[in-house]
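# Survey of secondary and tertiary structure
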Amino acid sequence: MFDGFNSFPVGQKRILGWMIIGILMFPGMLGQAHAALLEGVMSEWEELIAGKVAEKGEKLVTGNFYTAEKPNAHGPIGMMGEHTHDKGEFMFSYRYMHMFMEGTRNGTNSISNAQARALVPTPGPPAVVPTSMLMEMHMFGFMYGLNDTVTLTAMVPYLRNTMNHEAGATFATKFTTRSEGIGDIRFGSLWRLWAVEAPSIGAHRFHANFAVSVPTGDTEPRDKTPVSNPFATFRLPFPMHLGSGTYDLYPGFTYGGEKGRSSWGFQSIGTIRLGKNAQGFARGDAIQVTAFGAYEIIKKWLSGSVRFDFNHWDDHRGTDPGITGQAGPPVQTAIPTRLGGERLDVLGGINLLLPEFMGFETRLAVEGGVPIYQWLQGQLETDSIVTFGWQGVY
Ligand SMILES: [Cu+2]
């Protein structure tokens, strides 16, 4: 996906990474007249649109990113960085994500445990087959409107992974492994680009997303398994890791629209891994493209949403000999060239806005869905994704 970028030497990538982080850290140096970065640059468009709405007797408003309090002023809770804040606003959030995977998929087909095992080459004992996995993530988020251009963001994840397996010639041995702990902490910023609105065309807002994650998550989790030495712990394969081990960049672009009780949005975010981690590999680069529509069902209280979320992620680059070189039967989740995939999910969501209390605006939201398309290379397929969330704006 980002092959051009991957061909850069690692040193250059590091320098590029630090340059971008540097830009992130000094948004205060902006002193331009417009809060939205592309205002003025887009003046020809603005004049064109202003002319159209003037025919209806309306005046075009530019540079307004503020949305009146309504439940769908924020996007579905499964999205992040989809709204910006005005200067001085704080937002705290907590999300709980529950993702359940069961059965193996190769290409777009579900396959049996015996077929999954046959995909894993082994000179010795037959491969272990993962049968299901639960990924739970608690996410603590923070947003702050530094000025009317830049919103700063931070996110601390806490993960718990549980994977069930079957092993042995007749799949008679069943066992579970777990990993749990803090994931990769992410720091970011949202940059307001351009906004226009008029009664007949609604509001249209554009911002850029930029974030970087630091490798705070464990890339060497261990647990006991009955298929190796039963008295020793085993280095768990890649999907059980709590972080990437690399500094990762997340550049992106977001558009949000609103008219009357309806709102809609589009967002695309990339994931670029800088270099390789201490174990000698990098997770695959990735891209996410998501689009939603929402409607305010009960005014000022409740909105519903439908979202399509597409994700593509590449295979790992390199491998970790500490995982692949272990004694015992092999497993599909330890093959780095089989970990790339693609998925399209459809999700339904509800946002609930509670009445403002002492200047504090509280929201509760839920979003859940299922994949409608999945392409994998002999890995566990996703069955369901649910996210609950709480947000408080002060
Ligand atoms: Cu926010």
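Just above, that's the structure.
This report concerns the structure included in the present document. (Residues numbered from 1 in each chain as written. Predicted model: local features only at pLDDT ≥ 70, side-chain atom pairs only at ≥ 80, totals over all residues. Heavy atoms only, no water.)

### Here we look at the coordination of the copper ion
As a reminder, the rule being used: Sites may look incomplete, because water is not among the atoms used; the donor set itself consists of N, O and S atoms within 2.8 Å of the metal (3.2 Å for Na, K and Ca). Angular criteria define each label, namely tetrahedral for four donors with all angles between 85 and 135 degrees, square planar for four and octahedral for six donors with opposite donors over 155 degrees apart and remaining angles between 65 and 115, and irregular for whatever fails these tests. Secondary structure elements follow DSSP: runs of H or I of four or more residues count as helices, runs of E of two or more count as strands, with numbering from the N terminus. For each residue, the accessible area found with a 1.4 Å probe, counting protein chains only, is set against the maximum for its type, and the residue is called buried under 20%, exposed over 50%, and partly exposed in between.
Coordination of the copper ion by the protein involves H83 (NE2), H85 (NE2), M91 (SD) and M143 (SD), with metal-donor separations of 2.0 to 2.4 Å. Geometry at the copper ion is tetrahedral, judged from the four donor atoms that bind it and their angles of 105 to 117° at the metal. Between the donor residues of the copper ion, the gaps in sequence give the motif H-x1-H-x5-M-x51-M. With H83 in the loop between strand 1 (61-62) and strand 2 (90-107) and M143 in strand 4 (residues 129-145), this residue pair connects regions lying 60 residues apart in the sequence. By relative accessible area, H83 is classed as buried at 9%.

### Here we look at the pairing of strand 4
Worth spelling out the cut-off: Here the rule is simple: two strands pair whenever DSSP picks up at least two bridges between them.
Pairing analysis gives 13 bridges linking strand 2 to strand 4, with the strands arranged antiparallel. Among the inter-strand pairings, Y96 is bridged to a residue of strand 4, identified as H138. Taken together, the 16 bridges between strand 4 and strand 5 (residues 150-167) define a ladder with antiparallel strand orientation. For L134, the partnering residue across the bridge sits in strand 5 and is T162. Where strand 4 folds back onto strand 5 in an antiparallel hairpin, the turn is made up of four residues.

### A short note on a nonpolar patch on the surface
We apply this condition: Patch membership requires more than 30% relative accessible area and the absence of a salt bridge. Residues of like charge join within 9 Å; the nonpolar side chains Val, Leu, Ile, Met, Phe, Trp and Tyr join within 5 Å. A 1.4 Å probe and the Shrake-Rupley method give the accessible areas. Residues count as covered only by the protein chains that appear here. For salt bridges, the criterion is a side-chain nitrogen of Lys or Arg within 4 Å of an Asp or Glu carboxyl oxygen.
Judged by side-chain polarity, V306, F308, V370, I372, Y373 and W375 come together as a nonpolar surface patch covering roughly 530 Å² of accessible area. Breaking the nonpolar patch down by element, the ones donating at least two residues are strand 15 (302-313) and strand 18 (361-393). With four residues, strand 18 is the single largest residue contributor to the nonpolar patch. Within the fold, V306 resides in strand 15.

### Quick notes on the pattern of salt bridges
For the structure on display, the rule yields 15 salt bridges. As a salt-bridge pair, E381 and R105 come within 3.0 Å of each other at their nearest N and O atoms. Of this pair, E381 sits in strand 18 while R105 sits in strand 2, and the two are 276 residues apart along the sequence. You can call R105 buried: its relative accessible area is 15%. Between E367 and R307 there is a salt bridge, with the nearest N and O atoms lying 2.9 Å from each other. Placement of E367 in strand 18 and of R307 in strand 15 is noted, with a sequence separation of 60 residues between them. Given the relative accessible area of 2%, E367 is considered buried. Residue R307 is classed as buried on the basis of its relative accessible area of 3%. Linked through salt bridges whose partners overlap, the residues forming this network are K70, E197, R205 and E258.

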